[in-house]
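Notes for the structure review
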Amino acid sequence: MLPGLLPNIPIILDYITWLLKHQRGAFMFEGPWLSNMSIFVTSDPMNVQHITTTKFDNYGKGSDFRDIFEVLGDGIFRSDSQLWKYNRTILHSIFKLPCFQLFIYKTILKNIETSLLPVLDHACKIGTEVDLQDIFHRLTFDNICSVVLGFDPGCLSIGLPEAESVKAFTEIEDALFYRHIMPRCLWKLLRWLQVGKEKKLKQGQEIIDQMLYEQITTSKFKMLNQSSTLAYDDSQFSLLNVLMNNESGKEKVDDKVLRDTAINLIAAGKDTISSGLTWFFWLVATHPSVEAKILEEVKENLPQRKGDWKDLGVEGLGKLVYLHAAVSEALRLYPPVPLEHKCALKSDVLPSGHRIDANTMIVYSLYSMGRMEEIWGEDCLKFRPERWISKAGGLIHVPSYKFITFNAGPRSCLGKDISFKEIKMIAAAILWNFHIHLVEGHPVSPGVSIVLNMKHGLKVTVTKRSI
Ligand code: HEM
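Cut-offs used in this document
Residues numbered from 1 in each chain as written. Predicted model: local features only at pLDDT ≥ 70, side-chain atom pairs only at ≥ 80, totals over all residues. Heavy atoms only, no water. Helix = DSSP H or I, 4+ residues; strand = E, 2+ residues; numbered from the N terminus. Rg over C-alpha atoms; globule rule 2.2 N^0.38 Å. Buried < 20%, exposed > 50% of the residue type's maximum accessible area, 1.4 Å probe, protein only. Contact = heavy atoms within 4.5 Å. Areas by Shrake-Rupley, 256 points an atom, 1.4 Å probe, with all protein chains shown as cover. Lys, Arg positive; Asp, Glu negative; His and termini not counted. Charge placed at Lys NZ, Arg CZ, Asp CG, Glu CD. Salt bridge = Lys/Arg side-chain N within 4 Å of Asp/Glu carboxyl O. Donors = N, O, S within 2.8 Å, 3.2 Å for Na, K, Ca; no water. Near = heavy atom within 4 Å. Polar contact = N/O pair within 3.5 Å; in protein donor to acceptor, adjacent residues only side chain to side chain. Expected span 1.5 Å × (residues − 1). Arc of directions from axis to C-beta. Disulfide = S-S within 2.5 Å.

The subject of this paragraph is the overall build of the protein chain. Scanning the protein chain for helices and strands turns up 19 helices and 10 strands. Relative to the globule expectation of 23 Å for 467 residues, the C-alpha radius of gyration of the protein chain, 22 Å, shows essentially globular dimensions. By principal-axis analysis of the C-alpha atoms, the protein chain measures approximately 65 × 60 × 45 Å. Looking at the 467 residues of the protein chain, the share that counts as buried comes to 54%. Across the protein chain, contacts joining residues at least 24 apart in sequence account for 73% of those joining residues at least 6 apart. Counting every atom, the protein chain has about 21000 Å² of accessible surface; 56% of that belongs to carbon and sulfur. The averaged location of the 52 negative side-chain charges in the protein chain is 2 Å from the averaged location of its 53 positive side-chain charges.

As structure tokens, this is what we get:
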């Protein structure tokens with residue numbers, strides 16, 4: 001089946017969706033003989049619930065995943081069983097700390113006020129086109145580095161300076177996708193030869209590792225020079241510091257463990273949010289009635305907030321039901337992680353009736369699941385935030401094995417709430433202050449990567465809005 005796939009790689013997500021529609025939600029992809037490329041692909045929500053939840057213990061990341069994603073070390077995304085449980089327990093306990101949540105909120109707010117709005121203001125004044133996707137990549141990278149490392153690399157500032165680490169991350173992600181669609185022996189050969197995407201992956205990893213180890217050394221140095229236990233004020237707070245502080249008194253935390261935790265969280269929180277934002281803004285710009293309703297809602301809930309952007313506050317954000325629905329709708333149609341990859345430990349029979357042998361690679365397509373009439377109805381391809389709002393005006397809950405964007409079951413996303421907050425804060429701040437105009441004729445389509453970026457970015461011009 002590989003010859004059929006190769007010409008469709010530029011549109012691989014739509015190609016998989018088309019195949020899934022014609023195969024009633026599941027098929028076995030067979031690669032060349034001896035290539036070890038038998039992959040079971042599905043978009044059936046019952047199969048997905050079975051894999052992610054009911055038979056969770058039988059479906060891990062597996063050895064293929066570990067091979068492909070070696071750059072993630074032993075962090076949460078690449079671990080299974082006890083190591084995964086250990087990683088998840090530690091991160092979960094940090095994510096639910098009220099001071100951690102407040103710190104994240106303040107960091108986003110600071111980046112909106114000191115970087116995002118000034119950069120867009122500047123773009124307004126000089127009237128140039130800007131790539132909104134590039135702006136979001138920079139913003140979310142600055143943000144997640146501040147949260148995880150306690151260090152703001154300042155990639156989003158006027159003039160948009162060269163952002164080596166942001167580029168390095170994107171190149172790593174592209175190369176990781178290609179490892180999925182090449183026979184294992186081929187990408188390993190390319191890695192050994194150090195050519196093409198494999199070379200870029202290695203160079204990217206060196207750039208990121210250098211940044212991470214520098215920040216780990218700095219954090220350890222600062223911690224050693226602190227006389228008392230860590231006071232969680234904003235100047236010292238970071239996820240690394242919390243981790244090191246949790247372990248103080250016990251064994252010293254190894255630099256490699258800190259590096260692995262940091263790269264996993266940066267990967268989790270950077271391009272996912274920027275992808276969500278980019279598709280959201282494109283959808284809103286092409287649906288003026290949705291934009292008008294969002295602005296109306298912000299205005300209604302914040303009558304005192306005239307003129308420049310001010311802090312909405314956590315409570316204010318919670319009231320923005322229509323905005324929440326519009327963000328959910330964008331994330332349904334364009335899930336930032338478009339495909340998930342698992343491996344069956346033992347043989348099994350799925351609810352669709354398909355028999356799965358032990359060690360079979362399984363891919364479920366989050367992208368295709370957002371486009372299934374069986375799940376979302378006949379208008380599944382329409383951007384319609386109203387589908388998320390009940391008659392009483394509240395948000396409709398859709399189970400996670402159907403609205404799969406944040407994954408389902410015990411391995412569902414730990415950053416879901418943070419993501420909604422961050423996207424809503426940024427969306428409200430931009431829409432309240434600026435008109436976003438799409439550059440006519442600019443092509444918009446998904447790129448080929450493990451994160452759903454836009455292939456050519458999102459070129460826009462920006463003008464000031466006064467409400
Ligand atoms: C729109 C934004 C986001 C989306 C769509 C998203 C989606 C996902 C998905 C699909 C997974 C499952 C990945 C897998 O098992 O291979 C996942 C896991 C995870 N996400 Fe997110 N994510 C987002 C933002 C974030 C943020 C901001 C953070 C934290 C700062 C975060 C932290 C995590 C962690 C720690 C896991 C691993 C869970 C586990 O394996 O137990 N995510 N996310």
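Once the structure has been displayed, the description carries forward.
All chains considered together, the criterion is met by 24 salt bridges. Across the salt bridge formed by Arg179 and Glu70, the nearest N and O atoms sit 3.2 Å from each other. With Arg179 in helix H8 (residues 164–181) and Glu70 in the loop between helix H4 (62–68) and helix H5 (81–95), the pair connects residues that are 109 residues apart, well separated along the chain. As a salt-bridge pair, Asp260 and Lys256 come within 2.6 Å of each other at their nearest N and O atoms. Of this pair, Asp260 and Lys256 both sit in helix H12 (residues 255–269), 4 residues apart, which is roughly one turn of the helix. You can call Lys256 partly exposed: its relative accessible area is 36%. Linked by salt bridges that have partners in common, Glu329, Arg332, Asp379, Arg384 and Arg387 make up one network.

To continue, consider the coordination of the iron atom of the ligand. Donor atoms from the protein around the iron atom of the ligand number only one, Cys413 (SG), found at 2.3 Å. By secondary structure assignment, the location of Cys413 is in the loop between helix H18 (373–376) and helix H19 (416–433).

Taken together, 23 residues surround the ligand, and among them Lys61, Trp84, Arg88, Glu340 and Cys413 come closest. Contact between the ligand and Lys61: an oxygen atom at 2.5 Å from a side-chain N or O atom of the residue. Within the contact set of the ligand, an oxygen atom lies 2.7 Å away from a side-chain nitrogen or oxygen of Arg88. Listed by contribution, the elements that provide at least two residues to the shell around the ligand are H5, H12 and helix H13 (271–285).

Another aspect to go through is helix H14 (residues 288–301). Between the first and last C-alpha of H14 there are 20 Å, a value that for 14 residues agrees with the 20 Å anticipated at 1.5 Å per step. Within H14 the residues assigned to the buried category are Val290, Glu291, Ile294, Leu295, Glu297 and Val298. Axial view of H14: buried residues confined to an arc of 155°, hence all on one face. In H14, the exposed positions that point more than 90 degrees away from the buried face belong to Pro288 and Glu300. On its buried face, H14 sits against H13, helix H16 (321–333) and H19.

What follows concerns the state of the cysteines. Within the structure shown, the criterion is met by 0 disulfides. With no disulfide of its own, Cys145 has Cys155 as its nearest cysteine by sulfur position, at a separation of 7.1 Å. Look at Cys145 and you get buried, because its relative accessible area is 0%. This cysteine, Cys343, is not joined by any disulfide, and Cys185 carries the nearest cysteine sulfur, 18 Å off. A relative accessible area of 12% means that Cys343 is categorised as buried.

Moving on, we get to the side chain of Asp64. Relative to the helices and strands, Asp64 resides in helix H4. Residue Asp64 is classed as buried on the basis of its relative accessible area, which comes to 19%. Contact partners of Asp64, with chain neighbours within four places excluded, come to Arg184, His341 and Met361.

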